[in-house]
Number of protein chains: 2
Amino acid sequence: MNMQQAISQPTSVNGLDVQAAFDTVDAIKADNGLAKFEFRARNAWISGGTNRSTIRDFYGAGREDESRTEAFEFTNGEPPILLGNNEGANPVEFLLHALAGCVTTTLVLHAAVRGITINELSTELEGELDARGLLGLDESVSPGYEQIRIRMHIVADCSDDTLDDLLAFTRTHSPVCNTVCRPVPVMIERVKA
Amino acid sequence: MNMQQAISQPTSVNGLDVQAAFDTVDAIKADNGLAKFEFRARNAWISGGTNRSTIRDFYGAGREDESRTEAFEFTNGEPPILLGNNEGANPVEFLLHALAGCVTTTLVLHAAVRGITINELSTELEGELDARGLLGLDESVSPGYEQIRIRMHIVADCSDDTLDDLLAFTRTHSPVCNTVCRPVPVMIERVKA
C-alpha cells in the first residue's frame, strides 16, 4: 500500500469500517433490491407476563443471513406492580432499549461517513403511558407511549452546529425512531400450529 | 375459607393473580393518577454498532418502584452485513421482541380477566425495511418498518369466535402495538454530561 492509498482509505472511524459502508452504498445504488431486509423473531409464552423470544435468521442484501451460529434469547417479564416477579424487563422497556440503540447506531454511522469522530455518547430515555389504555378502562386513552424523551450526551470532534445537524438527521433516519414516530401497520393473523 | 369464597376468588388464571388484577382496576377507577407510568432506560455507546442499555427504575401506581435489586442489561449489536460482529441482536430485532412480548402479555391478561384459560401461545414476527431509508439514499423511502406481520398460534378453552374477539381487543390495547401503529412523538435533546 502506498501513501496515497493509506490516506484515502481510513479503515475505521468510530469502530466502523467506513470503506465497507461506502462499498455498501455503492452496491445498493447499483441494485436497490440489496437494501431490502426482513427481520424476524419467534416468541413463546411461558406463564403470566413471562415470555421468551429467539432471534437468529434474517434476510438482507439479497440473501438469507447465515452469520449467527446461535440464536439470541430474550425474556420479557413484569414487575410485581404489574403482576409479575421481574422475570425480565417488560416489553415497553425493551422498546426503549431498541430506540436508544437505534438512535445511537444511526448517529455513529452517519458521523463516521461524515468523518466525525465520536468520543462519548450516552442517552437517557423516558416514556409515559397511562395503564387505563391497556386495561380498556377508557377508550379515549391511548394504550401506548404518549411521548418518548431522549436526553443525549455527545462528545465529538466537531462544532455544536455540526452536531445538531447530525442529530436532526439521526432523528429522521433511525429505523426504530421512524417506526415509533410514524404509523406502521401491524397485522396479526391466527394460525394453526 | 368457605366454598363460596373458594368459587368466587380464583387466585390464578394463566399464571396471573386475577384478584390482584381486579383490585388494580378498582384502585385506578378510584384514582386515575395511579394509572400513570413512566418507564426509563439508560444507554451507553461502546463502539461501532454496539451499545448497552441498563433498565431498572420506573414510576407507576403513584410511586417510584423499588422492586428491582439489580438492573437489567441488554446489548445491541449488528451482524457483519451491517458492519458488526453479532455482539447482540440489533435494535430493529429488539423492537420485534418488545412487540411479540407485549401482544402476548396483553392477550394473556385479558384472557385471564375474561376467564379464558390459555394452554399454548406462540408468535412469529416478520418486518420489512429498506436500508435506503437509514442510509439517506432516497428521502421517499421510510427508514422504519414498512409493516410488521405477526402469526399467532393459540390453544385456549374457548370458541374460535371468542378467540378472534380477544385477538382484536389485544391488537388495539397492547401498549407496544399501539406505539408502533400510532405516530408517537420522540424528542431528542442534546445535554451536557
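Treat the numbers as computed from the prediction; the structure is a model and nothing was measured.

1. Quick look at the nonpolar core
Soluble, globular proteins show a tendency: their nonpolar side chains are buried together.
Phase 1 of the analysis: Ranked by internal contacts, the top residues of the largest apolar core, which has 102 residues, are Leu99, Ile118 and Tyr145 of chain A together with Leu99, Ile118 and Tyr145 of chain B.
Phase 2 of the analysis: When near neighbours in sequence (up to four residues on either side) are disregarded, Ile118 of chain B contacts Trp45 of chain A together with Asn14, Leu107, Ala111, Ile154, Val155 and Ala156 of chain B.

2. Section: the relation of the copies chain B and chain A
Phase 1 of the analysis: The transform that puts chain B on chain A rotates by 180° and translates by 0.0 Å along the axis, for an RMSD of 0.0 Å. With respect to symmetry, the two chain copies, as superposed, fit the operation of a two-fold axis.
Phase 2 of the analysis: Here 100% of the contact residues of chain B are again contact residues in chain A; the copies associate through an equivalent surface.

3. Concerning the packing of aromatic side chains
Phase 1 of the analysis: Tallying each qualifying case throughout the model produces eleven aromatic pairs over all chains.
Phase 2 of the analysis: Aromatic pair Phe37 of chain B and Phe58 of chain B: ring centres 6.3 Å apart, planes at 20°, arrangement stacked. Pair noted here: Phe37 of chain B is in strand β3 (residues 36-47) and Phe58 of chain B is in strand β5 (residues 58-60), with a separation of 21 residues, a long-range link. Of the two residues examined, Phe37 of chain B and Phe58 of chain B, each falls in the buried class.
Phase 3 of the analysis: Here the aromatic rings of Phe72 of chain B and Phe74 of chain B are separated by 6.3 Å at their centres, their planes lie at 20°, and the arrangement is stacked. Phe74 of chain B shares its class with Phe72 of chain B; the two are buried.
Phase 4 of the analysis: One aromatic cluster in this structure is built from Phe72, Phe74 and Phe94 of chain A together with Phe72, Phe74 and Phe94 of chain B.
Phase 5 of the analysis: Positioned above the aromatic ring of Phe169 of chain A is the side chain of Arg114 of chain A, whose terminal nitrogen or guanidinium carbon lies 4.8 Å from the ring centre.

4. Examining the pattern of salt bridges
All names here are of chain B.
Phase 1 of the analysis: In total, this model carries 30 salt bridges over all chains according to the counting rule given.
Phase 2 of the analysis: The partner of Glu126 in a salt bridge is Arg149, with the nearest N and O atoms 2.4 Å apart. Placement of the pair is Glu126 in strand β8 (residues 118-130) and Arg149 in strand β9 (residues 147-156), with a sequence separation of 23 residues.
Phase 3 of the analysis: The partly exposed category is assigned to Arg149, whose relative accessible area is 25%.
Phase 4 of the analysis: Between Glu126 and Arg151 there is a salt bridge, with its nearest N and O atoms 3.3 Å apart. Taken together, the residues Glu126 in strand β8 and Arg151 in strand β9 connect sequence positions 25 residues apart.
Phase 5 of the analysis: Given a relative accessible area of 15%, Glu126 falls into the buried group.

5. Quick notes on the interface of chain B and chain A
Phase 1 of the analysis: At the junction of the two partners, chain B supplies 126 residues and chain A supplies 126 residues.
Phase 2 of the analysis: For the chain B and chain A pair, buried surface summed over both sides reaches about 11400 Å², with 63% attributable to carbon and sulfur atoms.
Phase 3 of the analysis: Among the residues chain B hides against chain A, the three largest losses belong to Phe39, Trp45 and Arg190 of chain B. Together they make up 8% of the total.
Phase 4 of the analysis: Summed over the shared surface of chain B and chain A, the result is ten salt bridges.
Phase 5 of the analysis: A salt bridge links Glu93 of chain B to Arg68 of chain A, with the nearest nitrogen and oxygen atoms 2.8 Å apart.
Phase 6 of the analysis: Linking chain B to chain A there are 58 residue pairs in polar contact (both at pLDDT 80 or more).

So, how was this worked out
- Residues numbered from 1 in each chain as written.
- Chains lettered and ligands numbered in written order.
- Predicted model: local features only at pLDDT ≥ 70, side-chain atom pairs only at ≥ 80, totals over all residues.
- Heavy atoms only, no water.
- Core = buried A, V, L, I, M, F, W, Y, C linked by side-chain atoms within 4.5 Å.
- Buried < 20%, exposed > 50% of the residue type's maximum accessible area, 1.4 Å probe, protein only.
- Contact = heavy atoms within 4.5 Å.
- Least-squares fit on C-alpha atoms with pLDDT ≥ 70 in both.
- Phe/Tyr/Trp six-rings, centres within 6.5 Å; stacked < 30°, edge-to-face > 60°.
- Helix = DSSP H or I, 4+ residues; strand = E, 2+ residues; numbered from the N terminus.
- Lys NZ or Arg CZ within 6 Å of the ring centre and 35° of its normal.
- Salt bridge = Lys/Arg side-chain N within 4 Å of Asp/Glu carboxyl O.
- Buried area = accessible area lost by both parts, 1.4 Å probe.
- Polar contact = N/O pair within 3.5 Å; in protein donor to acceptor, adjacent residues only side chain to side chain.

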